[in-house]
Amino acid sequence: MFKKVLIANRGEIAVRVIRACKEWGIQTIAIHSDVDSDSMHVRLADESVCVGSHQPQNSYLNISAIMSAVDLTGAEAIHPGYGFLSENSKFSEIVQKHGIKFIGPSADIISKMGDKIEAKRIAKKYGLPVIEGSEGGVKSLDEAKSIAREIGYPILIKAAGGGGGKGMKVVNQDNELENMFLIAKTEAKKFFGNDELYIEKYFKNPRHIEVQIMSGKNRTVHLGERDCSVQRRHQKLIEETPSPVLTEDQRKDLLKKTVEMVEKINYEGAGTVEFIYEDGKFYFLEMNTRVQVEHPVTEVQTGIDIVKEQLWIAYTGETALKQSDINPRGHSIECRINAENPAMGFQPSPGTISVCHQPSGFRTRVDGSIFQGCKITPFYDSLIAKVICKGRNRTEAIQRTLRSLDEFVLEGITTTIDLHKKILRHEKFINSDFDTNWLSKEKFF
């Protein structure tokens, strides 16, 4: 196994990777910005290197500084976590050229599956159903109008190199198209350095369902599906597994087709294939070529350590898992705790945590990087912790999650904890009668 791994990330995912490395007996190196010098991931790592100032482009996105940290510490591999450089094919390529192992798929696969248009072509080629829309990038407003009239409104304009809801616009009728097209193009250029857009049919009441896979040269296995339909502004808040809306036949079909596609592209590592689900049908959405924020809910459900398995695949090229090893039981729920004020449009809530008591108990897990006295800065993503609970069934999982959220005390900042409680107690959530647009319609505050 590797002797030293550098974690090119921060916050709770850096802590998560450090824990997995320690269980393999691997020494860890944390990188950090100037404002993160006292953070949890720095405290837990064996070594740490400051790679720049608080602006991400000067630190966590600073490839030359990160590679200098590798040279300085003698790291053999880099784990990119999620976000930042995790799906940057240029970074992966540079890492490999330096003789360092990038813990993830090849630069070529990252590039192909990171391009939403190319990924759609690949999914279609290997048998996955895709959403009706443009075959490639939409070059002009006239082309956009032609496609929109062909597939019918409403449509969704999306950034080819995007994610997280940026550069994404819903258009309900023809007279809205020009303005939304120009806004989406501007956002795509600003956030991703690429203003290429594509158009898809917009689903009014969809579920968001994704499949977790682990793949090596020897085989590909799935770890079941997650239902990630509780979202705000296209960003997930609550994830659960298994999906409460799938029949067993639908589940088997989805998992089988996903594994077949991933095998055919010679994928290596952990990955997630995401789908839109509506009226009993699935449509390929995208593939994330990294570990997901919501991976712990699958770990709790299956008993498989996804990050440790990532490290094993990166070192050996093969997965140690067999499909017969995957035996999910019960039901698991994950709530993302963000430093945000839901009553103020999810406005970020930076500050210093003055009181911090995290929940525990039977089948309760908390992944985070917070502690009493730690500072939540305004410079990075607002996710600070995740509460993951498992029950014998969905009802027990909901009750255990509510109990755990009641125990979670954070003072000094505003969080989404109370919102999660309201969602979990809501009749529509209890009956699984919701879709990805539910939170935007419901009045919780």
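In case you missed it, the structure is sitting above this.
Parameters and conventions
Numbering of residues begins from 1 in every chain and follows the order in which that chain's sequence is written. Residue-level local features of this predicted model are given only where pLDDT is at least 70; pairs of side-chain atoms are given and counted only at 80 or more, and the full residue set underlies all totals for whole chains, interfaces and linings. Side-chain measures were taken over the full set of non-hydrogen atoms in the model, leaving aside hydrogen atoms and water. Numbering of helices and strands runs from the N terminus; a helix is a DSSP stretch of H or I covering at least four residues, while a strand is a stretch of E covering at least two. In this treatment the radius of gyration is a C-alpha quantity, and the globule benchmark scales as 2.2 Å times the residue count to the 0.38 power. Throughout this description, buried means an accessible area under 20% of the type-specific maximum (1.4 Å probe, protein chains only), exposed means over 50%, and partly exposed covers the range between. Pairs of residues are marked as contacts when any of their non-hydrogen atoms sit within 4.5 Å. The accessible surface values rely on the Shrake-Rupley method and a 1.4 Å probe; as for residues, cover is taken only from the protein chains in view. In this count, Lys and Arg are taken as positive residues and Asp and Glu as negative ones, while His and the chain termini are left out. By convention, charge coordinates are those of NZ in Lys, CZ in Arg, CG in Asp, or CD in Glu. In protein, a polar contact means a hydrogen-donor-capable atom and an acceptor-capable atom, both N or O and within 3.5 Å, with residues adjacent in sequence counting only if both atoms are side-chain atoms; elsewhere, any N or O pair within 3.5 Å suffices. Any carboxyl oxygen of Asp or Glu within 4 Å of a side-chain nitrogen of Lys or Arg constitutes a salt bridge here. Angles shown run from 0 to 180 degrees and are taken between the N-to-C directions of axes, each axis being a line fitted to C-alpha atoms and, for helices, limited to the stretch in contact. Angle categories: roughly parallel below 35 degrees, roughly antiparallel above 145, roughly perpendicular from 65 to 115, and oblique for all the rest. For our purposes a nonpolar core is just a set of buried Ala, Val, Leu, Ile, Met, Phe, Trp, Tyr and Cys residues, chained together by side-chain atoms within 4.5 Å. A pair of strands counts as paired when DSSP detects no fewer than two bridges linking them.

Peer 1: Would you mind going over the overall build of the chain with me for this structure?
Peer 2: Secondary structure summary: the chain contains 15 helices and 22 strands in total. Taking 445 residues into account, the globule formula puts the C-alpha radius of gyration at 22 Å, and the chain, at 21 Å, falls close to it. Its C-alpha atoms put the chain at 60 × 50 × 45 Å along the principal axes. Out of the 445 residues in the chain, the part that is buried amounts to 58%. Partitioning the contacts of the chain with sequence separation of at least 6, the portion at a separation of at least 24 is 64%. Of the roughly 18,400 Å² that the chain leaves accessible, carbon and sulfur atoms contribute 47%. Here the chain carries 60 positive and 60 negative side-chain charges, and the mean point of each set is 1 Å from the other.

Peer 1: What is the right way to read helix H11 (residues 306-316) from this model?
Peer 2: Structurally, the α-helix is built with 3.6 residues per turn, so residues lying three or four positions apart point the same way. Within the span of H11, buried status applies to Ile306, Val307, Glu309, Gln310, Leu311, Ile313 and Ala314. Measuring from the side-chain oxygen of the N-cap residue of H11 to the backbone nitrogen of Val307 gives 3.2 Å; that N-cap residue is Asp305.

Peer 1: How do you make sense of the pattern of salt bridges when you look at a structure like this?
Peer 2: Pairing between side chains of opposite charge can happen when their charged atoms approach one another. Here the structure, examined in full by the defined rule, presents 41 salt bridges. Residue Arg251 is joined to Glu225 by a salt bridge in which the shortest nitrogen-to-oxygen separation is 2.9 Å. Of this pair, Arg251 sits in helix H9 (residues 248-264) while Glu225 sits in strand S10 (residues 220-232), placing them 26 residues apart in sequence. The pair formed by Arg251 and Glu225 is uniform in burial state, with each residue classed as buried. Three or more residues joined by partner-sharing salt bridges are found here, namely Glu210, Arg226, Lys236, Glu239, Glu274, Glu294 and Arg336.

Peer 1: Please clarify how the packing of helix H5 (residues 107-114) against helix H6 (residues 116-125) should be interpreted in this entry.
Peer 2: The geometry of a pair of packed helices is captured by two quantities: the angle between their axes and the separation between those axes. Taken N-terminus to C-terminus, the directions of H5 and H6 make an angle of 95°; their axes are 5 Å apart at the nearest point. The orientation of H5 relative to H6 falls into the category roughly perpendicular. Residues Lys112, Met113 and Gly114 of H5 form the contact with H6, whose own contacting residues are Lys116, Glu118, Ala119 and Ile122.

Peer 1: What exactly am I supposed to notice about the nonpolar core here?
Peer 2: For soluble globular proteins, the rule of thumb is that nonpolar side chains tend to be buried together. Counting residues in hydrophobic clusters, the biggest one holds 37 residues, and the most contacted among them are Ile238, Ile337, Ile370, Phe408, Leu410, Ile423 and Phe429. Looking at this core, the elements with two or more residues in it are strand S11 (235-241), strand S14 (331-338), strand S21 (383-391), helix H12 (394-407), helix H13 (417-425) and helix H15 (438-441). If we ignore the near neighbours within four places in the chain, the residues touching Ile423 are Val230, Ile238, Phe429, Trp438, Leu439 and Phe444. In this structure, Phe2, Ile18, Ile26 and Ile103 belong to the second largest nonpolar core, which totals 31 residues.

Peer 1: Mind showing me how you'd approach the sheet that holds S14 here?
Peer 2: Note on sheets: strands pair through backbone hydrogen bonds, and any given pair is parallel or antiparallel. Spatially, the 8 strands line up as an open sheet ordered S13-S12-S9-S10-S11-S14-S21-S19, and their pairing is antiparallel. The sheet is open, and its two borders are formed by strand S13 (281-288) and strand S19 (364-368), each paired with just one other strand. Adjacent strand axes in the sheet meet at a mean angle of 25°, parallel and antiparallel pairs treated alike. Looking at chain direction, strand S12 (residues 269-278) and S13 are connected through 7 bridges and run antiparallel. In the strand pairing of S13, Glu274 is matched with Glu286. Contacts from helix H1 (residues 11-24) reach S19 and S21, with the element oriented near 115° to S19. Relative to S10, H9 is tilted by about 115°, and along the sheet it contacts strand S9 (207-215), S10, S12 and S13.

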